[in-house]
Amino acid sequence: MSLKALFESQPDRRYIMFGGKGGLGKTTLSATSAVWLARQGKRVLLFSVDPQASLSDIFQKDIFGKGPVPIIENLWAQEVDADGRIRAYQEEIRKKILDMYGFDKVPEEVDNYIAAASAEPAMEESAIFDAVVDIIVQGDYDYYIYDLVPLGHALYYLSMAKVYDEWINKITKLREDMGQYDQVAATLRRDETVREDQILKELTYIKDRINASSRILTDRKRTAFFFVLVPEEMIILDTKKAAELFARFDVPISGYLVNRVLPPDLDRMAVPPYLKNRIAMQRKYLGEIREAFGADVRAYVPEMERDVTGLAMIERLAARLFSDGEDGR
Ligand SMILES: Nc1ncnc2c1ncn2[C@@H]1O[C@H](COP(=O)(O)OP(=O)(O)OP(=O)(O)O)[C@@H](O)[C@H]1O
Ligand SMILES: [Mg+2]
């Protein structure tokens, strides 16, 4: 089934993700799909947490950290500024500490601690994760297209949802079990109980949010995950491995997009041996791709004569990506 037929036959799949190794065309193909869907009259939010601001590059417009920015009719693009999110996080924690403990000013040791904690990679991940949850949980778009960072990272987000979930389950359970002791403690130390209940409330809130987002990301009816690959040996191997891993995290794989395919009719022209070799190499690996992913390949996307930036170029690629067949060879 082609990409076009897939979108048309599964209109409930509104959360679209493009994954794959670095530099293979995730941003290009997510932007192209976003533009195509918007042209079909769907309201689309294309978003990314990539600090390299690649959506800004492809649309030739400053989008970074500005919330949803209108691109064309029905299409908005958003680039999350992770560092900004972390700073906001720090502020929020400071404010909570002030409120909870009734300080006028955050004591210096606590402030140092917050600064150190924010430097942890985990803090960045959770700030990003939180931003993604915000985007997915709110809003009223027909489609949410998530332009993922390179593979290893994407997998990390997904696994984190599971790990977080288990961790929070344990703590919430522990807190609930201790609820009865809290009752006793309540008669002794009222203020303590109030504070503890706040922690439980906070945890339950986080848990609900994570549940909501991981439910969406692994929902077979509403989510479509596409692997982007190119006809090269190592990429095929890595894609196979990644597909197995994603399946283990219950991510529903909707198909494979084979990018940067050299036009096969070049072969019939008088092209230099260099190009002939590359075409022959691609033919070999396209055969392997067909063998490995066969019916799940949704599109073969041609290598364009230059990089894909600006709307005109994106529209040209969209015509190829969403042609009726798989552009099949
Ligand atoms: N079919 C194509 N024809 C010509 N150029 C392409 C094609 N697909 C992608 N490119 C170019 O290849 C480069 C990398 O593409 P892109 O940024 O979409 O990859 P990515 O997978 O998002 O990378 P990253 O992993 O860094 O996020 C870009 O310059 C893009 O314009
Ligand atoms: Mg990218």
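Student: Would you take a moment to explain the side chain of Gln78 for this structure?
Tutor: With respect to the helices, strands and loops of the structure, Gln78 is situated in strand E4 (residues 75-79). You can call Gln78 buried: its relative accessible area is 13%. Residues within four places of Gln78 in sequence aside, it is in contact with Leu45, Leu46, Phe47, Ser48, Leu55, Ile63, Gly67, Pro68 and Ile135.

Student: Is there a simple way to explain the sheet that holds strand E2 (residues 44-48) in this structure?
Tutor: Note on sheets: strands pair through backbone hydrogen bonds, and any given pair is parallel or antiparallel. The strand order across the open sheet formed by 8 strands is E3-E4-E2-E5-E1-E6-E7-E8, and the pairing between neighbours is mixed. Each edge of the open sheet is held by one strand with a lone partner, namely strand E3 (69-72) and strand E8 (297-302). Pairs of neighbouring strands in the sheet enclose a mean axial angle of 25°, with direction left out of account. Relative to strand E5 (residues 143-147), strand E1 (residues 15-19) runs parallel, the two being bridged by 4 bridges. Bridge pairing in E5 places Tyr15 opposite Tyr144. Against the sheet, helix H10 (residues 233-248) makes contact with strand E6 (223-229) and strand E7 (253-261), and its axis sits at roughly 160° relative to E6, the strand it touches most. Contacting E6, E7 and E8, helix H11 (residues 273-293) runs over the sheet at an angle of about 175° to E7.

Student: In this structure, what is going on with the environment of Phe227? I would like to understand it.
Tutor: Inspection of the secondary structure puts Phe227 in strand E6. For the pair formed by Phe227 and Leu257, sequence separation is 30 residues and the distance between their alpha carbons is 6.1 Å.

Student: Honestly, the site of ligand 1 in this entry has me stumped. Any pointers?
Tutor: Looking at ligand 1, there are 17 residues lining it, with Lys26, Thr27, Thr28, Met304 and Val308 nearest. Within the side chain of Thr27, one N or O atom sits 2.8 Å away from an oxygen atom of ligand 1. Between ligand 1 and Val308, the relevant distance is 2.8 Å, taken from an oxygen atom to a main-chain nitrogen or oxygen of the residue. For ligand 1, whose unbound accessible area comes to 630 Å², protein coverage reaches 80%. Secondary-structure elements contributing two or more residues to the shell around ligand 1 are helix H2 (26-39) and E7. For the shell around ligand 1, the leading source of residues is H2, giving 3 residues.

Student: When you look at the nonpolar core in this model, what are you seeing that I'm missing?
Tutor: Generally speaking, soluble globular proteins have nonpolar side chains that are buried together. If you look at the biggest cluster of nonpolar residues, it comprises 77 residues, and the most contacted ones within it are Phe7, Phe59, Leu75 and Phe226. Once you skip the residues sitting within four places of it in the chain, Phe226 turns out to touch Leu3, Leu6, Phe7, Ile16, Met17, Phe18, Gly19, Ser254, Gly255, Leu257 and Arg298.

Student: Got a minute to help me understand the packing of aromatic side chains in this structure?
Tutor: Aromatic ring pairs: the centre-centre distance and the angle between the two ring planes describe each pair. Summed over the entire model, instances satisfying the criterion amount to 12 aromatic pairs. Summarising the aromatic geometry, the rings of Tyr15 and Tyr144 are spaced 5.3 Å apart at their centres and angled 15° between planes, so their arrangement reads as stacked. Note that Tyr15 is positioned in strand E1 and Tyr144 in strand E5, a separation of 129 residues in sequence. Exposure remark for Tyr15: the relative accessible area of 7% places this residue in the buried category. Overall, the relative accessible area of 2% leaves Tyr144 in the buried class. When the centroid spacing of 5.6 Å and the interplanar angle of 65° are considered together, the rings of Trp76 and Tyr141 count as edge-to-face. Here Tyr141 lies in the loop between helix H6 (121-137) and E5 and Trp76 lies in strand E4, a separation of 65 residues in the sequence. Ring pairing ties together the aromatic residues Phe7, Phe18, Trp36, Tyr143, Phe226 and Phe322, which thus form one cluster.

Student: Would you mind showing me how to read the pattern of salt bridges here?
Tutor: Two side chains bearing opposite charge may form a pair once their charged atoms approach each other closely. A complete count under the given rule lists 9 salt bridges for this structure. Residue Arg222 is joined to Asp219 by a salt bridge in which the shortest nitrogen-to-oxygen separation is 3.0 Å.

Student: I'm lost on the confidence of the model for the protein chain in this one. Help?
Tutor: Detailed reading of the predicted coordinates is not advisable wherever pLDDT falls low. For the protein chain, mean pLDDT is 82; residues scoring 70 or higher make up 75% of the total. Mean pLDDT across the elements of the protein chain bottoms out in helix H8 (residues 179-188) (56) and peaks in E3 (98).

Student: Just checking my understanding: could you explain the packing of H2 against helix H12 (residues 311-321) for this structure?
Tutor: The relative placement of two packed helices is expressed as an angle between their axes plus a distance between the axes. At a closest axis distance of 9 Å, the pairing of H2 and H12 adopts a crossing angle of 85°. When the axes of H2 and H12 are compared, the pair comes out roughly perpendicular. Between H2 and H12, the residues in contact are Thr28, Leu29, Ala31, Thr32, Ser33, Val35, Trp36 and Arg39 and Leu311, Ile314, Glu315, Leu317, Ala318 and Leu321, respectively. Class assignment for the residues of the contact of H2 with H12 results in 9 nonpolar, 3 polar and 2 charged.

Student: Looking at this structure, how should I read the pairing of E7?
Tutor: Along any regular strand, the residues point their side chains to alternate faces of the sheet. Counting buried positions along E7 gives 7 out of 9 residues, so the element sits mostly inside the fold. Pairing of E6 with E7 involves 5 bridges; the strand directions are parallel. For Phe226, the partnering residue across the bridge sits in E7 and is Gly255. Taking the sense of rotation as the criterion, the β-α-β connection linking E6, H10 and E7 turns out right-handed. Where E7 meets E8, 4 bridges bridge the pair, whose relative direction is parallel. Its bridge partner being in E8, Tyr256 is matched across the sheet by Val297.

Student: What exactly am I supposed to notice about the pairing of E3 here?
Tutor: Relative to E4, E3 runs antiparallel, the two sharing 3 bridges. By the bridge assignment, Ile72 is partnered in E4 with Leu75. Taking the residues that link successive antiparallel strands as the turn, the E3-E4 hairpin has 2 residues, and the phi of Asn74 there is positive, at about 75°.

Here is what the cut-offs are and how they apply
Residues numbered from 1 in each chain as written. Chains lettered and ligands numbered in written order. Predicted model: local features only at pLDDT ≥ 70, side-chain atom pairs only at ≥ 80, totals over all residues. Heavy atoms only, no water. Helix = DSSP H or I, 4+ residues; strand = E, 2+ residues; numbered from the N terminus. Buried < 20%, exposed > 50% of the residue type's maximum accessible area, 1.4 Å probe, protein only. Contact = heavy atoms within 4.5 Å. Pairing = 2+ DSSP bridges. Axes fitted to C-alpha atoms, helices over the stretch in contact; angles between N-to-C directions. Near = heavy atom within 4 Å. Polar contact = N/O pair within 3.5 Å; in protein donor to acceptor, adjacent residues only side chain to side chain. Areas by Shrake-Rupley, 256 points an atom, 1.4 Å probe, with all protein chains shown as cover. Core = buried A, V, L, I, M, F, W, Y, C linked by side-chain atoms within 4.5 Å. Phe/Tyr/Trp six-rings, centres within 6.5 Å; stacked < 30°, edge-to-face > 60°. Salt bridge = Lys/Arg side-chain N within 4 Å of Asp/Glu carboxyl O. pLDDT = per-residue confidence, 0-100. Parallel < 35°, antiparallel > 145°, perpendicular 65-115°, else oblique. Nonpolar A, V, L, I, M, F, W, Y, C, P; charged D, E, K, R; others polar. Right-handed = clockwise from strand over helix to strand, strands pointing away.

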